[in-house]
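Architecture at a glance
Chain residues, written in single-letter form:
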Protein chains: 2
Amino acid sequence: MKFTIKRSIFVDHLNNVQRAISSRTTIPILTGIKIAVLDSGIILTGSDSTISIEIYISKEDESNQLSIAETGSIVLPSRFLGDIVKKLPEDQLTLEVQDNLQTVIRSGESVFNLNGTAGSEYPTLPEIDADSTYVLPGHLFKRVVNHTIISVSNQQIRPLFTGVHFILADEQLKAVSTDSHRLSQRIVPLTMPEESQGKALEINIPGQTLTELTRLVDDNEDIEMMVTDNQVLFKIDNVYLYSRLLEGNYPDTDRLLSLDYNTKIKVDAQELVHAVERALILSHQGKNNVVKLSLSQEEAILSGHSSEIGYVKERLSLLSFEGDDLEISFNPDYLREALRSFGGQDVVIRFVNPTHSFILTPSEDEDEFNMVQLITPIRTPGN
Amino acid sequence: MKFTIKRSIFVDHLNNVQRAISSRTTIPILTGIKIAVLDSGIILTGSDSTISIEIYISKEDESNQLSIAETGSIVLPSRFLGDIVKKLPEDQLTLEVQDNLQTVIRSGESVFNLNGTAGSEYPTLPEIDADSTYVLPGHLFKRVVNHTIISVSNQQIRPLFTGVHFILADEQLKAVSTDSHRLSQRIVPLTMPEESQGKALEINIPGQTLTELTRLVDDNEDIEMMVTDNQVLFKIDNVYLYSRLLEGNYPDTDRLLSLDYNTKIKVDAQELVHAVERALILSHQGKNNVVKLSLSQEEAILSGHSSEIGYVKERLSLLSFEGDDLEISFNPDYLREALRSFGGQDVVIRFVNPTHSFILTPSEDEDEFNMVQLITPIRTPGN
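Residues numbered from 1 in each chain as written. Chains lettered and ligands numbered in written order. Predicted model: local features only at pLDDT ≥ 70, side-chain atom pairs only at ≥ 80, totals over all residues. Heavy atoms only, no water.

Here chain A sits on chain B after a turn of 180° about the axis and a move of 0.0 Å along it, with an RMSD of 0.0 Å. The transformation just described matches what one would write down for a two-fold rotation axis. When you check the interface residues of chain A against chain B, 100% turn up at the interface there too, and the contact is symmetric in its surfaces. (Least-squares fit on C-alpha atoms with pLDDT ≥ 70 in both. Contact = heavy atoms within 4.5 Å.)

Listed below in structure tokens is the structure:
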């Protein structure tokens, strides 16, 4: 096999494919990138066996400056290939596989000779034979992921919770995540494919897959999603991301969400984030990483302490206060991430009592569960 | 003690003082910053016992917005103090020491209460009672350090070689460093203080001290240097950096430098750096991190290999070649750092034979030792 390509284009695509490759894989060939050269273009593949990314570089697109002399396929060590191509001296490079899988990469006066592995040894990607294709606008998809990714668990002991639960039904997409200390939910409108009218699709997508997708998609691009039993394929232009799905029945989380409250406040999310960020300088040094919020008609105080370093008190200016006085303690990291997920919006927080979880909703849509963050408090000796 | 100060100014000065503070110190009080409040201003001190940095913030300079209500001194935990001050909400902050060394920092609606340590427990800095002050322009000092710091050893087993040897005599400053695999030398003109006319000063300054100094000094500032037996004080505007000197007699390195050669080439330093950076992608994977340079009238080839990954050959375009054919092997990291130290200049490299060290000088000053990098080759089975 042999082809010539514009170097900067090749670098960008290698970087994207490399995102799927883990240096910690136990399967040696998965440390490599597969390059398959067809008559019409080349396909780059990288995989860590949970996620696989495939990119098609077409000969027809002239900006690729791709010319193909001979078809074939090879697997090359991913990290070195990336480093080498990045540093080659000229605008173009030629890659040629010779006898014994020896692969020669030329650019200007540089000649690299890499030991390759036969492309036929690379695992084949799952076939996705789906009935219907869901189309998700990139900007909307990113908002859903950014809102829910914070509550995804990183504890492999309960694999189901390392993903986000997606329900696609009734012209809407509902995404829920929880690590059992907090919960995030986001509901957005969705144009359902014709074949799926009246049906519901429920899947659990690994958090890692969603994070990679938000990196691959631009706001103005669409993501096409195809689902089979245990696999999902996302297509963004010429990039294909395959991912396995997490198995299991996601618990019913709706029962956790309620608009009941005994204390309700409205806050400027940005201002509260800054106060939390100051309070956690000290709480991070404490044994329990906990801060306390004291609310009354007269004043609102956020406080954090570390017995070794000292303590901090922040007087908050609330936009509104309603209901009973309250003292409640919680992990400040959770509140910081929850607040950030609302962007610059004013946020309403509903509390029941010091031992009951509290929920955050945007002020503009405070009586719905379209955009919710729920946080479980921490019981402290005083409560 | 109590004072109010502009927050951004305080943040900048704390950052600079913190440069001297090591998180690995075994002396607890040295994890703190000492703040001493005088009638005329405040002094911040940080130290890791090798280096101490002292910064004077004057009340007279109105941009500091410094007002002093009560003098005194306190030691506060450096990392937290920096984090807190950086995140405070308003443009100004007030710091007040109350009973029991409790220190209150207020800004807007934030109130931090830190446990301090008495300023009197902080070690006193050495007194520098020097006869004469050497003045070094910042831009020149930086060039000297950047050229020589690369050959400073990081092996504590031979402490003398972890510093740069400075000789100040005859209206010039000569700086030499070596880790016994390579050597750097830089000579620049120097205006000697009157009291030192006819005398020579030889000192060994720790590499760490020089690195910190280059970060503290601007190109258009002067550095004032005062030396006593085993200490040196550098003064840059309102910043004082104290450092111990390294003891011992630095070896005579002049005998290592010779203009004799059997092969001499002239190269574009930038171009060769790029070729070396490509070659070392593979050599870094080899057992010995070694590249080979093959020189003849016909061609110049730089090659690197790793038995697992493959090999690379770079054809170099020399600006000139003189003398015998040669094959020589060496650590590519050394050549890369040496070439970079010349900036964009063309460089002359003189070789004697494959087992003898080779030297690099700038093309414009190739017959002098004002700016030299020396590298020892690596013997390979072929040589």
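Having put the structure on the table, let's press on.
We now examine the pairing of strand β6 (residues 72–77) of chain B. Consecutive side chains of a regular strand alternate in pointing toward one face of the sheet and then the other. Residue and element names in this part refer to chain B. The pairing of strand β2 (residues 32–37) with β6 spans 6 bridges and is antiparallel. By the bridge assignment, alanine 36 is partnered in β6 with serine 73. One ladder, built from 2 bridges, connects β6 with strand β10 (residues 117–118); its direction is antiparallel. Note on β10: the bridge partner recorded for isoleucine 74 is alanine 118. (Pairing = 2+ DSSP bridges. Helix = DSSP H or I, 4+ residues; strand = E, 2+ residues; numbered from the N terminus.)

For the rest of this paragraph, the subject is the UniProt feature "domain: DNA polymerase III beta sliding clamp C-terminal" (unreviewed entry) in chain A. The feature "domain: DNA polymerase III beta sliding clamp C-terminal" (unreviewed entry), as given by UniProt, occupies residues 256–367 of chain A in the numbering adopted here. For the annotated span residues 256–367 of chain A, helix accounts for 21% and strand for 40% of the residues, and the straight-line distance between the end C-alpha atoms is 15 Å. (UniProt positions renumbered as here; feature names shortened; annotations may be inferred.)

Feature annotation in UniProt places "domain: DNA polymerase III beta sliding clamp N-terminal" (unreviewed entry) on residues 1–126 of chain A, given in this structure's numbering. When the span residues 1–126 of chain A is considered, its composition is 17% helix and 44% strand, and the gap between its end C-alpha atoms is 25 Å.

Our focus in this paragraph is the interface of chain A and chain B. Listed by partner, the interface residues are 29 residues for chain A and 29 residues for chain B. Together, Arg278, Ile281 and Ile309 of chain A form the three largest contributors to the area buried by chain A at its contact with chain B, with a combined 22%. Counting across the interface, chain A meets chain B through 2 salt bridges. A salt bridge links glutamate 109 of chain A to arginine 315 of chain B; the nearest nitrogen and oxygen atoms lie 3.1 Å apart. Seen at the junction of chain A and chain B, the total is 18 residue pairs in polar contact (both at pLDDT 80 or more). Breaking the side of chain A that touches chain B down by element, the ones donating at least two residues are α2 (78–87), β9 (110–115), α5 (269–283) and β22 (310–316) of chain A. Pairing of β22 of chain A with strand β9 (residues 110–115) of chain B involves 5 bridges; the strand directions are antiparallel. From the neighbouring strand, tyrosine 311 of chain A faces β9 of chain B, where its bridge partner is asparagine 113 of chain B. (Buried area = accessible area lost by both parts, 1.4 Å probe. Salt bridge = Lys/Arg side-chain N within 4 Å of Asp/Glu carboxyl O. Polar contact = N/O pair within 3.5 Å; in protein donor to acceptor, adjacent residues only side chain to side chain.)

It is the contact of α2 of chain A with helix α5 (residues 269–283) of chain B, at a shortest axis distance of 10 Å, that shows an interaxial angle of 170°. As judged from the angle between their axes, α2 of chain A and α5 of chain B are roughly antiparallel. Between α2 of chain A and α5 of chain B, the residues in contact are Phe80, Asp83, Ile84 and Lys87 of chain A and Glu277, Arg278 and Ile281 of chain B, respectively. For the contact of α2 of chain A with α5 of chain B, the residue count by class is 3 nonpolar, no polar and 4 charged. (Axes fitted to C-alpha atoms, helices over the stretch in contact; angles between N-to-C directions. Parallel < 35°, antiparallel > 145°, perpendicular 65-115°, else oblique. Nonpolar A, V, L, I, M, F, W, Y, C, P; charged D, E, K, R; others polar.)

Our next topic: the nonpolar core. Core analysis: the largest hydrophobic core is formed by 99 residues, its most contacted members being Phe3, Phe10, Ile35, Phe166 and Met225 of chain A together with Leu360 of chain B. Broken down by element, the residue count for this core peaks at 9 residues, all from α5 of chain B. Once residues lying within four places of it in the same chain are set aside, the contact partners of isoleucine 35 of chain A are Met1, Phe3, Phe10, Ile43, Leu44, Gly72, Ser73, Ile74, Leu76, Leu81 and Leu95 of chain A. Formed by 98 residues, the second largest nonpolar core is a distinct cluster that contains Val267 and Ala279 of chain A together with Met1 and Leu14 of chain B. (Core = buried A, V, L, I, M, F, W, Y, C linked by side-chain atoms within 4.5 Å. Buried < 20%, exposed > 50% of the residue type's maximum accessible area, 1.4 Å probe, protein only.)

Below, the discussion takes up the packing of aromatic side chains. Scanning the entire structure with this criterion turns up 10 aromatic pairs over all chains. Ring geometry for phenylalanine 351 of chain B versus phenylalanine 358 of chain B: centroids 5.0 Å apart, planes at 35°, classification tilted. Overall, phenylalanine 358 of chain B belongs to the buried group, its relative accessible area being 1%. Of the aromatic side chains, those joined through ring pairs into one cluster are Phe330, Phe351 and Phe358 of chain A. It is arginine 79 of chain A that lies over the ring of phenylalanine 80 of chain A; its NZ or CZ is 5.0 Å from the centre. (Phe/Tyr/Trp six-rings, centres within 6.5 Å; stacked < 30°, edge-to-face > 60°. Lys NZ or Arg CZ within 6 Å of the ring centre and 35° of its normal.)

Quick look at the environment of isoleucine 203 of chain A now. Residue and element names in this part refer to chain A. Its location among the elements puts isoleucine 203 in strand β15 (residues 201–206). Distance from isoleucine 203 to histidine 181, taken between C-alpha atoms, is 22 Å for residues 22 residues apart in sequence. Here isoleucine 203 is in contact with Val164, His165, Phe166, Met225, Val227 and Leu245, once residues within four sequence places are set aside.

Right, let's talk about α5 of chain B for a bit. Residue and element names in this part refer to chain B. Its 15 residues give α5 an end-to-end C-alpha distance of 20 Å, which sits within 8% of 21 Å, the value for a rise of 1.5 Å per residue. For α5, a buried count of 12 out of 15 residues is recorded, marking the element as mostly surrounded by other parts of the structure. N-cap assignment for α5: the residue whose side-chain oxygen lies 3.0 Å from the backbone N of glutamine 270 is aspartate 268. (Expected span 1.5 Å × (residues − 1).)

On to the sheet that holds β2 of chain B. Residue and element names in this part refer to chain B. If you trace the 9 strands from one edge of the open sheet to the other, you get β10-β6-β2-β3-β4-β18-β17-β16-β11, paired in antiparallel fashion. At either margin of the open sheet sits one strand with a lone partner, and together these are β10 and β11 (133–137). Contacting β2 and β6, helix α2 (residues 78–87) crosses the sheet at an angle of about 95° to β6. In this fold helix α3 (residues 138–148) packs onto β11 and β16 (222–227), with an angle of close to 85° to the strand it touches most, β11.

Quick look at the pattern of salt bridges now. Here the structure, examined in full by the defined rule, presents 34 salt bridges over all chains. Residues glutamate 212 of chain B and arginine 215 of chain B are paired through a salt bridge, measuring 3.6 Å at the closest nitrogen-oxygen approach. With a gap of 3 residues between them, glutamate 212 of chain B and arginine 215 of chain B both fall in helix α4 (residues 207–216), about one helical turn apart. Take glutamate 212 of chain B: its relative accessible area is 9%, and that puts it in the buried class. Sharing partners across several salt bridges, the network here consists of Lys264, Arg350, Glu366 and Asp367 of chain A.

Residue and element names in this part refer to chain B. Relative to the assigned elements, glycine 304 resides in strand β21 (residues 300–306). Under the relative-accessibility criterion, glycine 304 is labelled buried at 4%. With 13 residues separating them along the chain, glycine 304 and valine 291 place their C-alpha atoms 4.7 Å apart. Excluding its chain neighbours within four sequence positions, the residues that come into contact with glycine 304 are Ala279, Leu282, Val291, Tyr311 and Val312.

Residue and element names in this part refer to chain B. With a phi angle near 80°, serine 49 is a residue other than glycine that sits in the positive phi range. Within the secondary structure, serine 49 is located in the loop between β3 (41–47) and β4 (51–58). With a phi close to 65°, leucine 101 is a non-glycine residue in the positive phi region. Assessed through its relative accessible area of 31%, leucine 101 is described here as partly exposed.

The next subject is the pairing of strand β22 (residues 310–316) of chain B. All names here are of chain B. Covered by surrounding structure in β22 are Gly310, Val312, Glu314 and Leu316 only, the residues Tyr311, Lys313 and Arg315 on the alternate face being uncovered. The pairing of β21 with β22 spans 7 bridges and is antiparallel. The residue bridging histidine 305 from the neighbouring strand is tyrosine 311, located in β22. Counting the residues in the hairpin turn of β21 and β22 gives 3 residues.

Further remarks concern a negative patch on the surface. Residue and element names in this part refer to chain A. On the surface, Glu127, Asp129, Asp131, Glu194 and Glu195 cluster together into a patch of negative charge. Structurally, aspartate 129 can be placed in the loop between β10 (117–118) and β11 (134–137). On the basis of relative accessibility, which here comes to 68%, the residue aspartate 129 falls in the exposed class. (Patch = residues over 30% accessible without salt bridge, like charges linked within 9 Å, V, L, I, M, F, W, Y side chains within 5 Å. Areas by Shrake-Rupley, 256 points an atom, 1.4 Å probe, with all protein chains shown as cover. Lys, Arg positive; Asp, Glu negative; His and termini not counted. Charge placed at Lys NZ, Arg CZ, Asp CG, Glu CD.)

All right, on to the sheet that holds strand β12 (residues 163–169) of chain B then. Residue and element names in this part refer to chain B. Taken in spatial order, the 9 strands line up as β15-β12-β13-β14-β27-β26-β25-β19-β23 in an open sheet, and their pairing is antiparallel. Each edge of the open sheet is held by one strand with a lone partner, namely β15 (201–206) and β23 (320–323). Averaged over all neighbouring strand pairs, the angle between strand axes comes to 15°, with direction disregarded. Two strands pair when backbone bridges link them, and strand β25 (residues 346–351) and strand β26 (residues 358–362) are joined in this way by 4 bridges, in the antiparallel orientation. Residue pairing in the sheet places valine 348 in a bridge with threonine 361 of β26. Strands β12, β13 (172–178), β14 (182–189) and β27 (371–375) of the sheet are contacted by α3, whose axis makes an angle of about 165° with β14. Contacts from α4 reach β12 and β15, with the element oriented near 80° to β15.

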